[in-house]
Each structure stands twice: as C-alpha cells, then as structure tokens.
Amino acid sequence: MQKTVSLTVNGKPATATVEGRTLLVQLLRETLGLTGTHVGCDTSQCGACVVHVDGEAVKSCTLLAVQAEGRDVKTIEGVANGDDLHPMQEAFRDNHALQCGFCTPGMIMSALDLVKNNPDPSEREIREYLEGNLCRCTGYHNIVLAIKAGAEAMRGSKAAAE
Amino acid sequence: MTPFELVEPASLGEALALLDPDDPAVRPIGGGTALMLMMKAGFFEPRRLVSLRGLGPGITGINEGADGALDIGAMVRLGQLERSPVIRRAAPVIAETLVTHSNVRVRNVATIGGNLAHGDPHMDLPPVLIALGAEVVAASPSGERRIAVENLVESYLETALGGDELITSLHIPSQRNRRAAYIKVTARSADDWPALGVAVSLAVENRAIRAPRIAIGAATETAMRLPKAEAALTGGASWRDTGREAAAEAPVIGDHHGSAAYKRVLVGVTVERALRRALAGVEIAG
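The shown structure was predicted, so the numbers you read here are calculated from the model rather than taken from an experiment. (Residues numbered from 1 in each chain as written. Chains lettered and ligands numbered in written order. Predicted model: local features only at pLDDT ≥ 70, side-chain atom pairs only at ≥ 80, totals over all residues. Heavy atoms only, no water.)

Turning to the overall build of chain A, a few remarks are in order. Counting secondary structure elements, chain A contains 5 helices and 5 strands. Secondary structure elements in chain A, listed N-terminal to C-terminal, are β-β-α-β-β-β-α-α-α-α. In terms of overall size, chain A behaves like a compact globule, its C-alpha atoms giving a radius of gyration of 16 Å where 162 residues would be expected to give roughly 15 Å. Out of the 162 residues belonging to chain A, those deemed buried represent 49%. Put simply, chain A shows about 7,400 Å² of open surface, and 48% of that area lies on carbon and sulfur atoms. Looking at charge distribution, chain A has the averaged site of its 15 positive side-chain charges lying 3 Å from that of its 20 negative ones. (Helix = DSSP H or I, 4+ residues; strand = E, 2+ residues; numbered from the N terminus. Rg over C-alpha atoms; globule rule 2.2 N^0.38 Å. Buried < 20%, exposed > 50% of the residue type's maximum accessible area, 1.4 Å probe, protein only. Areas by Shrake-Rupley, 256 points an atom, 1.4 Å probe, with all protein chains shown as cover. Lys, Arg positive; Asp, Glu negative; His and termini not counted. Charge placed at Lys NZ, Arg CZ, Asp CG, Glu CD.)

A few words on the domain arrangement of chain B. Along its sequence, chain B is carved into domain 1 (5–50), domain 2 (60–172) and domain 3 (178–278). The distance between the C-alpha centroids of domain 1 of chain B and domain 3 of chain B comes to 34 Å. (Domains from an automatic or database assignment.)

Residue and element names in this part refer to chain B. The strand order across the open sheet built from 3 strands is E1-E3-E2, with neighbouring strands paired in parallel fashion. Whereas interior strands pair on both sides, the edge strands pair on one side only; in this sheet they are strand E1 (5–7) and strand E2 (26–29). Ignoring which end each strand starts from, the neighbouring axes of this sheet average 25° apart. Of the strand pairs in this sheet, E2 and strand E3 (residues 48–51) are connected by 4 bridges, and their pairing is parallel. Looking at E3, one finds that Val-26 is bridged to Arg-48. (Pairing = 2+ DSSP bridges. Axes fitted to C-alpha atoms, helices over the stretch in contact; angles between N-to-C directions.)

The subject of this paragraph is the interface of chain B and chain A. Often, the extent of an interface is quoted as the loss of accessible area on bringing the components together. Opposite the 26 residues of chain B that make contact, chain A presents 29 residues. Buried area between chain B and chain A, summed over both chains or domains, comes out near 2,300 Å², and the portion from carbon and sulfur atoms is 55%. In terms of surface lost to chain A, no three residues of chain B exceed Lys-40, Arg-53 and Arg-105 of chain B, which account for 29% of the buried area on that side. Counting every contact that joins chain B to chain A gives 3 salt bridges. Seen at the junction of chain B and chain A, the total is 14 residue pairs in polar contact (both at pLDDT 80 or more). Examining the composition of the side of chain B that touches chain A, we find that 4 residues originate from one element, helix H2 (residues 33–40) of chain B, more than from any other. Per-class residue counts for the side of chain B that touches chain A are 10 nonpolar, 8 polar and 8 charged. (Contact = heavy atoms within 4.5 Å. Buried area = accessible area lost by both parts, 1.4 Å probe. Salt bridge = Lys/Arg side-chain N within 4 Å of Asp/Glu carboxyl O. Polar contact = N/O pair within 3.5 Å; in protein donor to acceptor, adjacent residues only side chain to side chain. Nonpolar A, V, L, I, M, F, W, Y, C, P; charged D, E, K, R; others polar.)

Bringing the side chain of His-38 of chain A into the picture now. Residue and element names in this part refer to chain A. Considering the arrangement of structural elements, one finds His-38 in the loop between helix H1 (24–31) and strand E3 (50–53). From its side chain, His-38 meets the backbone oxygen of Phe-102 in a polar contact 2.7 Å long. What His-38 contacts, discounting residues up to four positions off in sequence, is Val-25, Arg-29, Ala-48, Cys-49, Gly-101, Phe-102 and Pro-105.

Given below as structure tokens:
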C-alpha cells in the first residue's frame, strides 16, 4: 500500500511515496539520498540511526516514515553550516572522538539533543545520556571529552552572539 | 517486515471501527518501538496497523485534578512523562523509574499506552503503576471501562484488552501523603532489562505504615501485588521480615536474567531495600 509523505528535512520540504512499512531511515537514505544517517543494528540498540524529529532525538530505524508526516526532521547533513563544521563536529575531530566513524552521526545527533536540554552536562550526565549509542572503537572516553568540549564551544558561541 | 496496511484515523470512533476483534493481525500502534522490533523479527506480521497519532489532544495530555489525581493520555510519550513538572511533583517515582527505562531516544517515541498494552513482563512501569493503584481507561465499540493495571496483563504478552479495545488513558489516584520507591535489579550490565523490579507505595500516619502496596515485575509471569507481604508490613513486620514474606509468596519463575532460586533471593533483599528507600528519613514506631 503506497502513501505520500510530506515532511521537512534539514529545513527543506520533501515529499515521497512510501509503503506503510517503509522506515524513516529508509526514506532518508534510499529515497532522499541522505546516507549520513547509518543503520547499525536495525533493532534500536546501537543509535547509529539517530536523527531529530521536531527537535528530539529518535532512532530512525524504528520509526515508520509515515509517522514523520508533517514533522521537522534533522539529520547529520543539516548540522554543519555549509563548509563550516558545527562546534560539536569540530569537537569530535579535535578530541579524536572517532575511529571508524560509523557511530559518529548518531553520537553527534544525540550529543546535540543532550546539550539543547542541558548546556553544561557533567561527565556522568554525558555517559548516562549515551546509553543506547554504541561505539565499538573508541571506548567512549574521547567521545565524552568531545561532547564536553563541544558543549563548552556552543556556550561560548551563544554568549558571543548575545 | 512484511507489507501491511497503515491507517491513521482522526477520531477514537474511527479507530475502534478499524480494529477487528476476530483478527489478531490487526493492531493499534502508538510509538511502535516495541511493535516494530517484533515485526522486524517476524514475530508479528500485521495485516493492518491502526495508528493513534491523529486522535488529538484527548489522548495526548497530562492533567492533574484538584485532588492530585493524574489523568495521562495513552499517547503521552515516556520522555514527556519523565520531563513533566506535574509528574515530577505528583508522582516522582514515575520520572525516577523512566531514567533507566530503555534510553532517551526510545523514550522520546514510546508511549505509555503502548508500553502497557505490550504486556511484556520485563517492563519497569507496570509494578510502579500497580503500587500507585493506577487504572487504565479502555475504549471499545461497546463503551468504556476501567481496568486496574494489576489486572491488565493476563500472561506473557497477553492482556485483558479485547481485539477491538484500546487504552485511551491512564488514571493515577492522588499520591498526596504517600511515599513510593522503585528498585530495578539488572543481572548482567547496568543498562540490561530487569531481572527484577520492586515498587512500594505507602502512607505513614502517627509513625505507623498505612495501606502499603508492594508490587514486583520481571520475576513473575506478569507484574503483580504481593498481598501477604503487604499484610505483614501493616501488621508491624520488620522490613526484612516483609521481604522474607514477599520472597515466600511470589510465584517466581526463572529466565535468562536469572534462575528462579536466584530471583527469589533478590525479591527478599530488594523489597527490604525498596521499603528503606521509600521511608528514608521517616520515623516509624517500634
């Protein structure tokens, strides 16, 4: 059964014809070509597929595309400003918070969701928040450092803008 | 996942008409976080899913009555409950429980109605809601009824809901003057599913415990109250003896989170700890 879905992706309107069973991540990757959002476990464990829907982090492999009808979706492709990396992306690079990089888009989308609600998270809060985002390379330590540094940079750029 | 029809009715009446009491392959879908995993595993192959997303504000609100009772729409997401100032004030044990329930990204999608209708015994909220005396409001073409959460789940993944019945809201009686605590025990890692969950709720009057409710989940076929342990506590038993009574009474079963013998020991220890946590800083006579 085909359905038409209209939503906003990274600030731009998008319309696609999908099946009832089409997952949001399939719509993003296969129909819209936004392959920055990854599929790791496909069972809600790993967090590689995290995107924002109406400003909240969700796992796009466990959400039907139809459930995103009329909603505002943000993927890793919508985070940088043109060629200028977002401060959180910079922080991941500067802190060596990735090795193979497979989990990184989900990590960054989760980190941005955390910092939005908690601009100055403690190391413990970061670690607790990352439950459900798996990394098989780094041992998490540098990811935690990067999120702390990214949050600090975001507070700085917010203060500079005010 | 096998193909299915996904319908998005705009009213409760329309939704109920789309359900089919004779076809278990027709089901309502809330956030879909649990259903989707069952569908991906091939465990559930729906013919039609009835999305409750378009049912409107009657099913998405959190309301506190003048007496402190709470009415929570079935489509309220677990993350909303966790962050709600009303819940944090009126029933803080719910917000505390949700922090270790699954993870943030799943809680942002999963709904309270779906969580309860799923009927999985390894869930944190059923024992908590049983301890709080909560009821679900269920609607079907023949009308509306209330079902105590302790009577909602009948066996593994089986609920008392009819095939054309769905949960529309959750009612929690006023918790004013009551204290509650929930302890989740995980056997393998901190973020594991519970091997046992123990929730207690009680009032303290004149330095005596009144109307205690003790409920466990994840160690029995369904979440349930432990009335003998409650009676022992009301009768003045120590927290440790109340735990012993609970361990003797609970029809514990083993699973891959722990054997029945292991879980029985956990029940005794954890009931005692849950009482200690709920009563921290309170003076009790005797």
